[in-house]
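As a plain string of letters, each chain reads:
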Amino acid sequence: MEYVQQSNSDDLYLSLVHPQSKAAGLTWHLVPPRAPHFGGLWEAAVKTAKKHLYRQLGSARLTFEGYCTVLCQIEAVMNSRPLLPMSSDPNDLAALTPAHFLIGSSLLALPDLNYSSTRPSSLSELQQMQLMVQQFWKHWRNEYLQELQRDTVRAVRNDSIRPGRMAILIDDTLPVTRWPLARITKVHPGKDGIPRVVGIRTARGDLTRPITKICLLPDTQKQN
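To keep things clear, this report deals only with the structure shown in the data block. All of these numbers come straight from a predicted model, not from anything done at the bench.

## Observations concerning unusual backbone geometry
In most cases, non-glycine residues show a negative phi, while peptide bonds are predominantly trans.
Here's step 1: For Thr-177, which is not glycine, the phi torsion reads 70° and is therefore positive.
Here's step 2: The buried category is assigned to Thr-177, whose relative accessible area is 4%.

Okay, here's the thing in C-alpha cells:
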C-alpha cells in the first residue's frame with residue numbers, strides 16, 4: 001500500500017512514523033513542500049469542496065456550533081462517495097469509500113425532509129443548516145457523477161462495459177449520503193454494436209437502465 005503525504009522530515013517522523021510504516025510494509029511517496037498541484041485527484045476534490053462551500057456558506061451567518069454542524073455533515077457527504085468496488089464478486093454491492101480509511105466502515109446520515117422548495121425565511125435555524133447541507137450535496141454530487149460519467153462514455157467506446165462491473169445509479173430523489181449501487185448483469189447493444197441499455201442488479205431487485213443513467217466505478221479487474 002502506498003500513501004502520499006506532505007513532506008515532513010523532522011525528528012518525530014524519523015523516530016516514530018518511518019519505522020512503524022516500514023514494519024507495516026508501507027511506502028511513502030513524499031510531495032515537495034508548497035506544491036499542491038502534485039496532489040492530483042485529492043487536490044481536485046479539495047478545490048471542488050472549496051467552491052461549493054463558498055457558494056453555500058459564503059454569505060451565511062452561523063454560530064460556531066452552527067458551522068461545526070454544517071461542516072461535519074459536509075465532511076460525511078464527501079467521505080461517503082464510492083471509490084472502488086469492495087470485491088470482484090458480481091453479487092457484492094459494497095463499495096470502498098474514504099470513510100473506510102477513517103472509521104473502517106461507510107457513513108450514513110439520517111434522512112431529513114427536503115427543504116429545497118421551501119423559502120429559507122420560513123425555516124428554523126436548524127432547518128436552514130440542513131438546507132445548506134442538502135444544497136451542497138446536490139451540487140457536489142452532480143459534479144462528482146459528471147466526472148464518472150465521462151469515464152462511462154469512454155468505456156462505451158472502448159467496449160469496457162461488461163457484466164459484473166459496478167456502477168452508481170443516477171437518482172436525484174435520494175437523500176444525503178445515499179449512493180445507489182448496482183452490478184451490470186446484461187448488456188444490450190444496438191444495431192451498431194454500441195451498448196446503450198444495460199440490465200443491472202440492485203439491492204431492490206433487477207432493473208433495466210440506459211447508459212446515461214449509470215456511472216461506472218473504476219474497473220479493478222483491469223487494473224489488476
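## What about the nonpolar core?
Here's step 1: Core analysis: the largest hydrophobic core is formed by 25 residues, its most contacted members being Leu-62, Val-70, Val-77, Leu-148, Ile-168 and Trp-179.
Here's step 2: For this core, the leading source of residues is helix 5 (residues 125-157), giving 9 residues.
Here's step 3: Residues in contact with Val-70, not counting those within four places in the same chain, are Leu-57, Leu-62, Met-129 and Val-133.
Here's step 4: Counting 10 residues, the second-largest nonpolar core is a separate cluster that includes Ala-167, Leu-169, Ala-182 and Ile-214.

## Considerations on the state of the cysteines
Here's step 1: Here the structure, examined in full by the defined rule, presents 0 disulfides.
Here's step 2: Just so you know, Cys-72 is unpaired, no disulfide at all, and the nearest cysteine sulfur is the one on Cys-68, 6.2 Å from it.

## Notes on the pairing of strand 5 (residues 166-169)
Here's step 1: Residues Met-166 and Ile-168 point to one face of strand 5 and Ala-167 and Leu-169 to the other, with burial holding for every one of them.
Here's step 2: Pairing geometry for strand 5 and strand 6 (residues 181-189), over 3 bridges, is antiparallel. Counted as the bridge partner of Ile-168 is Leu-181 from strand 6.
Here's step 3: By the bridge criterion, 3 bridges tie strand 5 to strand 9 (residues 214-216) in an arrangement that is antiparallel. Across the sheet, Ile-168 pairs through a bridge with Cys-215, a residue of strand 9.

Cut-off values and rules
Residues numbered from 1 in each chain as written. Predicted model: local features only at pLDDT ≥ 70, side-chain atom pairs only at ≥ 80, totals over all residues. Heavy atoms only, no water. Buried < 20%, exposed > 50% of the residue type's maximum accessible area, 1.4 Å probe, protein only. Core = buried A, V, L, I, M, F, W, Y, C linked by side-chain atoms within 4.5 Å. Helix = DSSP H or I, 4+ residues; strand = E, 2+ residues; numbered from the N terminus. Contact = heavy atoms within 4.5 Å. Disulfide = S-S within 2.5 Å. Pairing = 2+ DSSP bridges.

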